[in-house]
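Fold and contact review
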Amino acid sequence: MVDLLSLCAFNAEYARTIDSDRLEQWPAFFTEDCSYRITNVENEAEGLPAGIVYADSRAMLEDRIAALREANIYERQRYRHILGMPVVESADATSATAITPFMVARIMHTGETHVFATGEYRDRFRKVDGKLLLSERVAVCDSTVTDTLLALPL
């Protein structure tokens, strides 16, 4: 059974991977045929599928990280995720759906730190070969204003 503790542990390691700049490991949290989007609360409420970031496979997530490392130019920064307790909407032996609140602080290379994003993850999990993975993660940000420095995954 996919339980609350396993979802909490999954989310903690997911956030730790991003926050510790192990971005090449980030796509491994997803199934091969995953969906990942970053959007805002108004777009989500209106059913608008377009988001700030969109990927429909693990390969697209890998490409995003490769571009981030090799092609994109952005001001050096890092994140610190603070995650709430997941609310499990459904769960069985091989899958789960959950909503988890998040807050992400962004720390710039100058040391300046501020709240970068707040919102909730709307997730679908699936066990593949006994391992819990995301088949879908929609990061729904509370604010409709998006900083142009959204370089790292949420």
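A brief look at the structure comes next. Just so we're clear, the structure is a prediction, and the values are computed from it rather than from any experiment. (Residues numbered from 1 in each chain as written. Predicted model: local features only at pLDDT ≥ 70, side-chain atom pairs only at ≥ 80, totals over all residues. Heavy atoms only, no water.)

**Let's talk about the overall build of the protein**
- Helix and strand content of the protein: 3 helices and 7 strands.
- Mapped in sequence order, the helices and strands of the protein form the string α-β-α-β-α-β-β-β-β-β.
- For 154 residues, the compact-globule estimate of 2.2 N^0.38 gives 15 Å, and the C-alpha radius of gyration of the protein, at 15 Å, lies within 12% of that figure.
- Principal axes of the C-alpha set define a box for the protein whose edges measure 45 × 30 × 25 Å.
- Taking all 154 residues of the protein together, the buried fraction comes to 41%. (Helix = DSSP H or I, 4+ residues; strand = E, 2+ residues; numbered from the N terminus. Rg over C-alpha atoms; globule rule 2.2 N^0.38 Å. Buried < 20%, exposed > 50% of the residue type's maximum accessible area, 1.4 Å probe, protein only.)

**A closer look at the pattern of salt bridges**
- Scanning all chains against the criterion turns up 12 salt bridges.
- A salt bridge links E120 to R122, with the shortest nitrogen-to-oxygen separation between them at 2.7 Å.
- Given the relative accessible area of 29%, R122 is considered partly exposed. (Salt bridge = Lys/Arg side-chain N within 4 Å of Asp/Glu carboxyl O.)

**So, the nonpolar core**
- Y14, W26, F30, Y36, F102, F125 and L154 are the most contacted members of the largest nonpolar core, which totals 33 residues.
- Contributions of two or more residues to this core are made by α1 (4–19), β1 (30–40), β2 (53–55), α3 (58–70), β5 (95–108), β6 (113–128) and β7 (131–141).
- Setting aside anything within four residues of it in sequence, one finds Y36 in contact with Y14, W26, F30, V53, Y54, A55, L61, R137, P153 and L154. (Core = buried A, V, L, I, M, F, W, Y, C linked by side-chain atoms within 4.5 Å. Contact = heavy atoms within 4.5 Å.)

**Considerations on unusual backbone geometry**
- The residue D21 is not glycine, and still its phi comes out positive at about 60°.
- Of note, D21 is situated in the loop between α1 and β1.
- For D129, which is not a glycine, the phi torsion comes out positive at approximately 55°.
- In this fold, D129 is placed in the loop between β6 and β7.

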